Amino acid sequence: MSRPPKPSLAAIVAASAAPGRGAEAVAPAARPATLKARARQMSVYLEPPVYDQLRDLAHVERTKMHALMLEALDLLFRQRGSPSIAHLTQASAPRPDVDAKDALG
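Since the model is a prediction, treat every value here as computed from it, not as a measurement. (Residues numbered from 1 in each chain as written. Predicted model: local features only at pLDDT ≥ 70, side-chain atom pairs only at ≥ 80, totals over all residues. Heavy atoms only, no water.)

Re the overall build of the protein chain
Threshold: Each helix is a run of DSSP H or I of at least 4 residues and each strand a run of E of at least 2, with the numbering of both proceeding from the N terminus. Three exposure classes are used, based on accessible area relative to the maximum for each residue type with a 1.4 Å probe and protein chains only: buried under 20%, partly exposed in between, and exposed over 50%. Note on areas: Shrake-Rupley, 1.4 Å probe, and residue coverage restricted to the protein chains presented here.
Each helix and strand in the protein chain was counted, giving 6 helices and 0 strands. Within the protein chain, buried positions represent 3% of all 105 residues. Accessible surface computed for the protein chain: about 10100 Å², of which carbon and sulfur atoms make up 59%.

If you want it as C-alpha cells, here you go:
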C-alpha cells in the first residue's frame, strides 16, 4: 500500500482562504486584548538570594513579582531620561480617530 501524497503548504493555505478574497482584502488585525497576547516575553536570571528577596517583597506588599519588575523598569527609565512605561503603552495604543491606512504610512 502506498501512502497518498502529503499536501503542500500552498495547497493548505489556498484551501483555507475564503473564495473570492485575496490576501490584500484582509483587514489588519485588531490589538490583542490581553497583555500576554500583545507583549513580548523576556527571561531574567536571578541569583537565589535576589529571587528570594523579590518574592518576599511581593508577598509583604501583596502584589506580584511581575508588578515589582515593571516598577523597577519604570524607575530605570525615569533615571535614564527615557519615556515611562505608561507613556510608551499610550503611544502604541491604536487611536480610534486615525484611519488604519494613515497609521501604516
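So that's the structure; there's more coming.
Overview of helix α4 (residues 65-79)
Stated formally: Here the expected span of a helix is defined as 1.5 Å times the quantity of residues minus one.
Under the 1.5 Å per step criterion, the end-to-end length of α4 is 21 Å for 15 residues, consistent within 8% with the ideal 21 Å. After α4 finishes, the residue Gly 81 shows a positive phi value of roughly 80 degrees.

Topic: the environment of Thr 63
Here is the rule: The criterion used for residue contact is that any of the two residues' heavy atoms lie within 4.5 Å.
Mapped onto the elements of the fold, Thr 63 is located in the loop between α3 (48-60) and α4. Beyond its immediate chain neighbours, meaning those up to four positions away, Thr 63 contacts Ala 58 and Leu 68.

Let's talk about a nonpolar patch on the surface
Going by this rule: Patch membership needs two things, relative accessible area over 30% and no salt bridge, and members are linked within 9 Å if like-charged or within 5 Å if nonpolar (Val, Leu, Ile, Met, Phe, Trp, Tyr). Put simply, a salt bridge is a Lys or Arg side-chain nitrogen that is within 4 Å of an Asp or Glu carboxyl oxygen.
On the surface, Met 42, Val 44, Leu 46, Val 50, Tyr 51 and Met 69 cluster together into a nonpolar patch covering about 530 Å² of accessible area. Relative to the helices and strands, Met 42 is located in the loop between α2 (35-38) and α3.

Re the pattern of salt bridges
Tallied over the entire structure, the rule returns 2 salt bridges. Where Arg 55 meets Asp 52, a salt bridge forms, and the shortest distance between an N and an O atom there is 3.3 Å. Here Arg 55 pairs with Asp 52, and both are found in helix α3, just 3 residues apart, close to one helical turn. Among the residues examined, Arg 55 registers a relative accessible area of 38% and is labelled partly exposed.

Re the confidence of the model for the protein chain
Should pLDDT be low for a region, the predicted coordinates there are not to be read in detail. The test is simple: The predictor rates its confidence in each residue with pLDDT, a number between 0 and 100.
Predicted confidence across the protein chain gives a mean pLDDT of 80, with 70% of residues reaching 70 or more. Put simply, helix α6 (residues 100-104) is where the protein chain has its lowest mean pLDDT, 46, and α3 is where it has its highest, 98. Here residues 97-105 is a poorly scored stretch, pLDDT under 50, and it has 2 contacts once near neighbours within four places are set aside; other chains count.

Quick notes on the packing of α3 against α4
Our working rule: All axes are obtained by fitting lines to C-alpha atoms, using only the stretch in contact for helices, and the reported angles, taken between N-to-C directions, cover 0 to 180 degrees. Roughly parallel means an angle under 35 degrees; roughly antiparallel means over 145; roughly perpendicular covers 65 to 115; every other angle is labelled oblique. For this classification, the nonpolar set comprises Ala, Val, Leu, Ile, Met, Phe, Trp, Tyr, Cys and Pro, the charged set comprises Asp, Glu, Lys and Arg, and every other residue, Gly included, is treated as polar.
Axis separation between α3 and α4 bottoms out at 9 Å; the angle between their running directions is 105 degrees. In this view, α3 runs roughly perpendicular relative to α4, as classed from their interaxial angle. Facing α3, whose interface residues are Tyr 51, Leu 54, Arg 55, Leu 57 and Ala 58, α4 presents Met 65, Leu 68 and Met 69. Residues belonging to the contact of α3 with α4 are distributed by class as follows: 7 nonpolar, no polar and 1 charged.

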